[in-house]
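Listed here are the chains, written in short residue letters.
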Amino acid sequence: MSKIGILASVALVAALAVSSASAQQTQRLSGTIEKVTGNSVLVKSKEGAEQTVTLADKALIVGVTKASLADIKEGSYIGSGAVPQADGTQKAVEVHIFAESQRGTGDGHRDGWPGAPNGTMTNGEAGSPVTGVDGLTLMVKYKGGEKKILVTPSTPIVQYQVSDASALKPGAAISIVAATKKPDGTFETGRINVGLNGVVPN
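Remember, it's a predicted structure, so these values are computed and weren't measured experimentally.

Caption draft 1: How the structure looks around the packing of aromatic side chains. Throughout the structure, instances matching the rule amount to 2 aromatic pairs. Taken together, a centroid distance of 5.3 Å and an interplanar angle of 70° make the contact between Phe98 and Tyr160 edge-to-face. Taken together, the residues Phe98 in the loop between strand S5 (90-97) and strand S6 (108-111) and Tyr160 in strand S11 (residues 157-162) connect sequence positions 62 residues apart. Judged by its relative accessible area of 11%, Phe98 is buried. Residue class for Tyr160 comes out buried when judged on its relative accessible area of 9%. Through pairs of rings, three or more aromatic residues link up here, namely Tyr77, Phe98 and Tyr160.

Put into structure tokens, the structure is as follows:
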């Protein structure tokens, strides 16, 4: 192999190593707020471990409140973790109603949602809900397609509202989808979900 080829191979291996390390350093976090100091949040996990999370500049703070079937309206932008049914519909395991400013978040349908065996995730605009014996049935439209989703009265439903640092209070439950681990063992994130009125966000 030429010297250029060897250098290219070394560069590729190094790039892959950095990429792999970055992927390993990003993880989900959840727990309860112990203390807030400036843009730093001390979080205790349900296992009892304490983690310090720094909020990046202009981090998005999203309040999560409990919602009901009645809050799902035509035109709502929603995300639904679901399980495919034999008739081709998706039975919702949970539904998230996004704030208007979050419209378009994660738009589409994908397999591999970890919340249930054979789980799927569908994000899109809700069509007109039809009330039936089993709950609400609605078409969720996204770029490139649509899925029929059944939301039962027992399906957990939450609503998102863009909030600010005042929502971050000791005792509130939080969840972070992507927290980046820093060399000193602390974490940093650009978005944090915080439960309001006792809600525990997923």
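Next comes the rest of the account.
Caption draft 2: The arrangement of the pairing of strand S12 (residues 173-181) in detail. With 6 bridges connecting them, strand S1 (residues 26-37) and S12 associate as antiparallel partners. Note that in S12 the partner of Ser30 across the bridge is Ser175. Alignment of S12 against strand S13 (residues 187-195), held across 4 bridges, turns out to be antiparallel. By the bridge assignment for S13, Thr180 is matched with Glu188. Where S12 folds back on S13, the antiparallel hairpin that results is connected by 5 residues, among which Gly185 adopts a positive phi of roughly 90°.

Caption draft 3: How the structure looks around the side chain of Ser80. Mapped onto the elements of the fold, Ser80 is located in strand S4 (residues 77-84). The class of Ser80 is buried, set by a relative accessible area of 1%. One polar contact links the side chain of Ser80 to the main-chain carbonyl oxygen of Glu94, over a distance of 3.5 Å. Excluding residues within four positions of it along the chain, Ser80 makes contact with Ala92, Glu94, Val95, Thr120, Met121, Thr122, Asn123 and Ile149.

Calculation notes
- Residues numbered from 1 in each chain as written.
- Predicted model: local features only at pLDDT ≥ 70, side-chain atom pairs only at ≥ 80, totals over all residues.
- Heavy atoms only, no water.
- Phe/Tyr/Trp six-rings, centres within 6.5 Å; stacked < 30°, edge-to-face > 60°.
- Helix = DSSP H or I, 4+ residues; strand = E, 2+ residues; numbered from the N terminus.
- Buried < 20%, exposed > 50% of the residue type's maximum accessible area, 1.4 Å probe, protein only.
- Pairing = 2+ DSSP bridges.
- Polar contact = N/O pair within 3.5 Å; in protein donor to acceptor, adjacent residues only side chain to side chain.
- Contact = heavy atoms within 4.5 Å.

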